[in-house]
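# Results of the structural survey
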Amino acid sequence: MSGEGYRAVLELLREFSPLVQALPPRAALVQVRGAQRYFGVDAERIAEVIRLRAVARLGTDVRIGVAGTWAVAAMASARIPGPGGVLAVPGERVAEFLGPLPVEELYGLGSRQAEALRGYGLHTVGALTEVPPGVVERILGRRAGRVVVERARGIDPRPVTPRDLPSSAAVRSRFAREELDGPHARAELLGLVVRLGATLRGRRQAARALTLTLRFAGGTRWEKTRRLPEPSAHDEDLRTLAYRLMDAAGLQRARLTGMVLRAEDLTGAERTARQLTLDPVREARLTVEAAVDRANARFGPGTVRPAATFRRAPAAA
């Protein structure tokens, strides 16, 4: 589905409810309790009408999962074969629906987490409900394990929050004097990465792609976009891709006057599964990143940041 087609589907959903939450690039949530009372029909019937109108008006078929919670509706949608259809999972059938599913199909569960659970003999969603919650928490960690156990039981308290397609996020820097690609230019780029990452995490969003724009003396510019391996708002991931973009520019002796780093194709952080990395160095960096975010929230943006982004004081004469 194209971007314009996706927007058209969102507008169609708003004909039935003002509570529409966009989940780019192709998904959305809609809360239809008001429409049920108004039309006097159940949610499954409303879903069938929405699908019919999408095909008739937009030429686009859609898959619609109908359930009482966000996670179960998403899993129902994923089980629909072909380009379109409606699958309703009433409250009394949630356990029957979820139980036989392979554990990796549990909404929000990462592949590494699924692999860890299978290593302990937990191969289906139903199996997660048959062991004490503490077992899953010991395998995945307390917080992640608690969420996984709740979703395996069909519990998901997240509300539908009206949200349109998110805009991109950009940060920019202008040099006081013309710069070559060197330590100072790289430090400025790192500063942009840190600011952009903090912005995304503050908005609870993640980027699927980055665009780097370089401005040169004489008014010319260079721009390139590359996609991240997976959506992220972490400084380490953004920095790695930003440096690759800078390397791709092949600046040599080009004189820089400024740069813009833009996060593109944003998605909600709730759509980005936190996977076990089994990399203690990365886990330590993510822990430090969270602590830095808390410090900056308390004492002001930029209070704590990488040493390379601080400019050296001029030497005394």
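Look up: the structure comes first, before these words.
### As for the overall build of the protein
- In terms of regular secondary structure, the protein is built from 12 helices and 9 strands.
- For the C-alpha atoms alone, the extent of the protein along its principal axes is close to 80 × 50 × 35 Å.
- Taken over 317 residues, the protein has a buried fraction of 39%.
- Counted over contacts in the protein with a minimum sequence separation of 6, partners at least 24 positions apart contribute 61%.
- Only carbon and sulfur atoms are counted for the fraction: they give 52% of the accessible area of the protein, which is about 17800 Å².
- Measuring between centres, the 50 positive side-chain charges of the protein sit 5 Å from its 34 negative side-chain charges.

### A word on the pattern of salt bridges
- Counted according to the given criterion, the structure contains 18 salt bridges.
- Ionic pairing is found between Glu-104 and Arg-118, a salt bridge with its closest N-O pair at 3.1 Å. Pair noted here: Glu-104 is in the loop between helix H5 (94-98) and helix H6 (111-119) and Arg-118 is in helix H6, with a separation of 14 residues, a long-range link.
- You can call Glu-104 partly exposed: its relative accessible area is 42%.
- Looking at Arg-118, the relative accessible area reads 32%, which means it is partly exposed.
- Each of the salt bridges in this network shares a partner with another, and the network as a whole consists of Arg-201, Asp-235, Glu-289 and Asp-293.

### As for the packing of helix H8 (residues 133-140) against helix H9 (residues 142-152)
- For the pair H8 and H9, the least separation of the axes is 7 Å and the interaxial angle reads 135°. On the basis of their axis angle, the class for H8 and H9 is oblique. Judged by the sense of rotation from one axis to the other, the crossing of H8 with H9 is right-handed. Residues Pro-133, Val-136, Glu-137 and Leu-140 of H8 touch H9, and the partners they reach there are Arg-142, Ala-144, Gly-145, Arg-146, Val-148 and Val-149.
- Counted by class, the contact of H8 with H9 contains 6 nonpolar, 1 polar and 3 charged residues.

### Structural notes on a positive patch on the surface
- A cluster of basic residues, Arg-142, Arg-143, Arg-146 and Arg-204, forms a positive patch on the protein surface.
- Here Arg-142 is to be found in helix H9.
- Take Arg-142: its relative accessible area is 64%, and that puts it in the exposed class.

### Remarks on a nonpolar patch on the surface
- On the surface, Tyr-38, Phe-39 and Val-41 cluster together to form a nonpolar patch covering roughly 340 Å² of accessible area.
- Counting through the fold element by element, Phe-39 comes out in helix H2 (residues 33-39).

### Things to note about the packing of aromatic side chains
- Throughout the structure, instances matching the rule amount to 2 aromatic pairs.
- An angle of 50° between the planes, with centres 6.4 Å apart, marks the rings of Phe-16 and Phe-39 as tilted. Within this pair, whereas Phe-16 is found in the loop between helix H1 (3-13) and strand S1 (20-23), its partner Phe-39 is found in helix H2, the two being separated by 23 residues in sequence.
- Accessibility expressed as a relative area gives 10% for Phe-16, which makes it buried.
- For the ring pair Tyr-38 and Phe-39, a centre distance of 5.0 Å and an interplane angle of 90° mean the geometry is edge-to-face.
- Under the relative-accessibility criterion, Phe-39 is labelled partly exposed at 46%.
- Members of the aromatic cluster, joined through ring pairs, are Phe-16, Tyr-38 and Phe-39.
- Positioned above the aromatic ring of Trp-70 is the side chain of Arg-158, whose terminal nitrogen or guanidinium carbon lies 3.8 Å from the ring centre.

### Some words on the packing of H6 against H8
- Interhelical geometry of H6 versus H8 gives an angle of 125° and a closest axis separation of 10 Å. It follows from the interaxial angle that H6 and H8 lie oblique. In this structure, H6 crosses over H8, and the sense of that crossing is right-handed. The residues of H8 that touch H6, namely those facing Gln-113, Ala-116 and Leu-117, are Val-136, Ile-139 and Leu-140.
- Residue composition of the contact of H6 with H8, grouped by class: 5 nonpolar, 1 polar and no charged.

What counts, and where the lines are drawn
- Numbers given to residues run from 1 along each chain, matching the order in which its sequence is written.
- In keeping with the model being predicted, local features are shown solely for residues with a pLDDT of at least 70 and side-chain atom pairs are shown and tallied solely at 80 or more, while totals for entire chains, interfaces and linings include all residues.
- With hydrogens and water stripped out, all remaining heavy atoms of the structure feed into the side-chain values.
- Counting from the N terminus, the helices are the DSSP runs of H or I reaching at least four residues and the strands are the DSSP runs of E reaching at least two.
- The rule is simple: take the accessible area with a 1.4 Å probe, protein chains only, and divide by the maximum for that residue type; under 20% is buried, over 50% is exposed, in between is partly exposed.
- Two residues form a contact once any of their heavy atoms are found within 4.5 Å.
- We get accessible surface area from the Shrake-Rupley algorithm with a probe of 1.4 Å; when it comes to residues, only the shown protein chains can shield them.
- The sign given to each residue is positive for Lys and Arg and negative for Asp and Glu; His and the chain ends receive no count.
- By convention, the point assigned to a charge is CZ for Arg, NZ for Lys, CD for Glu and CG for Asp.
- A side-chain nitrogen of Lys or Arg and a carboxyl oxygen of Asp or Glu constitute a salt bridge if their distance falls within 4 Å.
- A fitted line through C-alpha atoms serves as each axis, taken over the contacting stretch for helices, and the angle formed by two N-to-C directions is quoted from 0 to 180°.
- An angle below 35 degrees is treated as roughly parallel, one above 145 as roughly antiparallel, one from 65 to 115 as roughly perpendicular, and anything else as oblique.
- Handedness of a crossing follows from how the near helix is turned relative to the far one, being left-handed for an anticlockwise turn of less than a right angle and right-handed for a clockwise one.
- Three classes are used, and their members are as follows: Ala, Val, Leu, Ile, Met, Phe, Trp, Tyr, Cys and Pro are nonpolar, Asp, Glu, Lys and Arg are charged, and the others, Gly among them, are polar.
- Residues enter a patch when their relative accessible area is above 30% and they make no salt bridge; the linking distance is 9 Å between like charges and 5 Å between nonpolar side chains (Val, Leu, Ile, Met, Phe, Trp, Tyr).
- Pairing of aromatic rings covers Phe, Tyr and the six-membered ring of Trp, with a centre-to-centre limit of 6.5 Å; geometry is then stacked below 30 degrees between planes, edge-to-face above 60, and tilted otherwise.
- In this analysis the charged atom, NZ for Lys or CZ for Arg, is taken to sit over a ring once it is within 6 Å of the ring centre and within 35 degrees of the ring normal.

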